[in-house]
Every structure is written in structure tokens, then in C-alpha cells.
Amino acid sequence: MKYRWVDNNSDVRIAAVDLETGVIEINRQNWNQFSPFEKKYILLHEEGHYKLQTDSEIQADLYAINRVAGIEPKSLKKSIDTLYKVGILDETRIYELYKNALK
Ligand SMILES: [Zn+2]
């Protein structure tokens, strides 16, 4: 994956991937509020959109969590905390993370 810094004058609030090029644009002003885990989760989520070639937020979340589960302590809780911190209050996305963890 390639990365590119963008500023608040772009329409990228935190991070976004171009599905054709795989370039992840990261908002320089908003990035440092996140912990190392949160940054990792966000980048894996964007990578998931690209690798799976999907717009689905749930598929990208599952891609990300399956790459931190069992490696990062408390990965489920921290992943869900990341979604809340990013401002995602979509219950379906949270539910799918729990369901995936309980498989
Ligand atoms: Zn996404």
C-alpha cells in the first residue's frame, strides 16, 4: 500500500483509499489524535477496501479485525473503541465485529 498526506482542505476527514490505485490518503491534521492501535486499525480497514475491492464498511472492518485479533491484546474492544472514536455509531458494524469474534 502507498500512503499520501492530505490536509483539511481535501474531503478526506481521516483516511480513505483509492480503489483503483491502492493509495491511502491520510489527513495530516486529524491523524495524531489516534493511538498506535487505532492508526493500525484504520490503515488495515482502508487496506481491506482495496484488497477486497469493496465499498462495504463491514467487509473492511472484518478484514482489519481479523489481522489484529490474537496479535493485539483486547483487539475486539480496541477495534470497537476505534470505530466510536472515528465517529461511527452504526450498530450493524459493531454487531458484525462481535459476531465475527464469537465464531
Ligand atoms: Zn471504510
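Predicted model only: the values in this text are computed from it and were never measured.

Each value, and the rule that gives it
Residues numbered from 1 in each chain as written. Predicted model: local features only at pLDDT ≥ 70, side-chain atom pairs only at ≥ 80, totals over all residues. Helix = DSSP H or I, 4+ residues; strand = E, 2+ residues; numbered from the N terminus. Expected span 1.5 Å × (residues − 1). Buried ≥ 20, exposed ≤ 12 C-beta atoms within 10 Å, placed from the backbone. Arc of directions from axis to C-beta. Contact = placed C-beta atoms within 7 Å. Axes fitted to C-alpha atoms, helices over the stretch in contact; angles between N-to-C directions. Parallel < 35°, antiparallel > 145°, perpendicular 65-115°, else oblique. Left-handed = near helix turned anticlockwise from the far one by under 90°. Nonpolar A, V, L, I, M, F, W, Y, C, P; charged D, E, K, R; others polar.

Caption draft 1: Inspection of unusual backbone geometry at higher detail. The backbone of Gln53 sits at a positive phi, close to 50°, despite the residue not being glycine. Despite not being glycine, Lys74 shows a phi value in the positive range, around 55°. Looking at the secondary structure, you find Lys74 in the loop between helix H3 (57–68) and helix H4 (75–86).

Caption draft 2: Broad picture of H4. In a regular helix each residue adds 1.5 Å, so 12 residues correspond to 16 Å; H4 covers 16 Å between its end C-alpha atoms and thus fits that length. Regarding H4, the residues found buried are Ser75, Ser79, Thr82 and Leu83. Within H4, the buried residues cover an arc of 95° as seen down the axis, which keeps them to one side. Opposite the buried face of H4, at more than 90 degrees from it, the exposed residues are Lys77 and Tyr84. Lining the buried residues of H4 we find helix H2 (36–52), H3 and helix H5 (91–101). One or two residues past the end of H4 sits Gly87, with phi positive at roughly 100°.

Caption draft 3: Up close: the packing of H2 against H3. Their axes nearest at 7 Å, the elements H2 and H3 cross at an angle of 125°. It follows that H2 is oblique to H3 by the angle criterion. For the pair H2 and H3, the sense of crossing is right-handed. For the pair formed by H2 and H3, the contact residues are Lys40, Tyr41, Leu44, His45, Gly48, His49, Lys51 and Leu52 on the first element and Gln59, Ala60, Asp61, Tyr63, Ala64, Arg67 and Val68 on the second. For the contact of H2 with H3, the residue count by class is seven nonpolar, four polar and four charged.

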